[in-house]
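# Structural overview for review
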Amino acid sequence: MKKAIVYYSYSGNTKTIVDMIKEKVSADVYEIKPKTPYSTDYDEVVDLGQDEVNSNTLREIEDIDINLDSYDTIILATPV
Ligand SMILES: Cc1cc2nc3c(=O)[nH]c(=O)nc-3n(C[C@H](O)[C@H](O)[C@H](O)COP(=O)(O)O)c2cc1C
């Protein structure tokens, strides 16, 4: 069973969890990167995140070289 982990991490917590999963599970790891990174100012990011949700805006991300069909399981990990 081939597995992929696709993740985004703003400040590193999700990345830490991904690294922990990687210790238990054999998987290829792909990072989601916004084309325009979020501000390093936490309060600004929280406000902007809310604005993006309210306006149904999807931030553009860098292309990821992944063939989804080649995986049986895809683990998606993101901040909440
Ligand atoms: C777009 C965006 C919106 C966010 N909105 C909130 C929020 O509304 N409330 C909050 O407590 N944290 C918010 N955060 C911060 C995340 O909860 C924080 O990044 C957390 O550490 C998640 O894991 P990470 O370290 O992998 O990014 C937001 C982060 C991003 C990138």
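Let me begin by describing the structure that accompanies this report. In this text the structure is predicted, and so the values were computed from the model without any measurement. (Residues numbered from 1 in each chain as written. Predicted model: local features only at pLDDT ≥ 70, side-chain atom pairs only at ≥ 80, totals over all residues.)

### What about the site of the ligand?
Stated precisely, the cut-off is as follows: Only the C-beta atom matters for this test: placed from the backbone, it must lie within 6 Å of a molecule or strand for the residue to be near it. Helix and strand definitions here come from DSSP, where helices need a minimum of 4 consecutive H or I residues and strands a minimum of 2 consecutive E residues; each element is numbered from the N-terminal end. Residues are grouped as follows: Ala, Val, Leu, Ile, Met, Phe, Trp, Tyr, Cys and Pro are nonpolar; Asp, Glu, Lys and Arg are charged; every other residue, Gly included, is polar.
As a matter of local geometry, the ligand sits amid Ser 9, Tyr 10, Ser 11, Gly 12, Asn 13, Thr 14, Lys 15, Tyr 38, Val 45, Val 46, Gly 49 and Pro 79. Every element with two or more residues in the shell around the ligand is listed here: helix H1 (13–24) and helix H2 (42–54). For the shell around the ligand, the residue count by class is five nonpolar, six polar and one charged.

### What about H2?
The cut-off we apply is this: Here a helix's expected span is defined as the number of its residues, less one, multiplied by 1.5 Å. Note on burial: count the other C-beta atoms lying within 10 Å of the residue's C-beta; 20 or more is buried, 12 or fewer is exposed, in between is partly exposed, and C-beta positions come from the backbone.
End to end, H2 covers 18 Å across 13 residues, agreeing with the expected 18 Å (1.5 Å per residue, within 8%). Among the 13 residues that make up H2, zero are buried, leaving the element largely open to the surroundings.

### As for the sheet that holds strand E1 (residues 3–7)
Defined as follows: At least two bridges found by DSSP between two strands is the condition for calling them paired. What counts as an axis is a line fitted to C-alpha atoms, over the stretch in contact for a helix, and the angles between N-to-C directions run from 0 to 180 degrees. For the purpose of contact definition, each residue receives a C-beta atom placed from its backbone, and two residues are in contact when these atoms lie within 7 Å.
One open sheet accounts for three strands, arranged E2-E1-E3; its pairing is parallel. Bordering the open sheet on either side are strand E2 (28–31) and strand E3 (73–77), each of which pairs with just one other strand. Between one strand axis and the next, the sheet turns through 20° on average, direction left out of account. In this structure, E1 lies alongside E3, joined through five bridges in parallel fashion. Residue pairing in the sheet places Lys 3 in a bridge with Thr 73 of E3. Those strands touched by H1 are E1, E2 and E3, and its axis lies near 170° from that of E1.

### Side note on the environment of Gly 49
Within the secondary structure, Gly 49 sits in helix H2. In sequence terms Gly 49 and Val 80 are 31 residues apart; their C-alpha atoms lie 11 Å from each other.

### Overview of the pairing of E2
Each regular strand displays side chains that alternate between the two surfaces of the sheet. The condition is simple: Throughout, right-handed denotes a crossover for which the path from the first strand over the helix to the second runs clockwise when the strands point away from the viewer.
Relative to E2, E1 is paired through four bridges, and the arrangement is parallel. Looking at the pairing, Val 6 lines up with Tyr 30 of E2. Where the polypeptide runs from E1 across H1 and back to E2, its parallel neighbour, the crossover connection is right-handed.

### Considering unusual backbone geometry
One non-glycine residue, Asn 56, adopts positive backbone phi at about 55°. On the secondary structure map, Asn 56 appears in the loop between H2 and E3.

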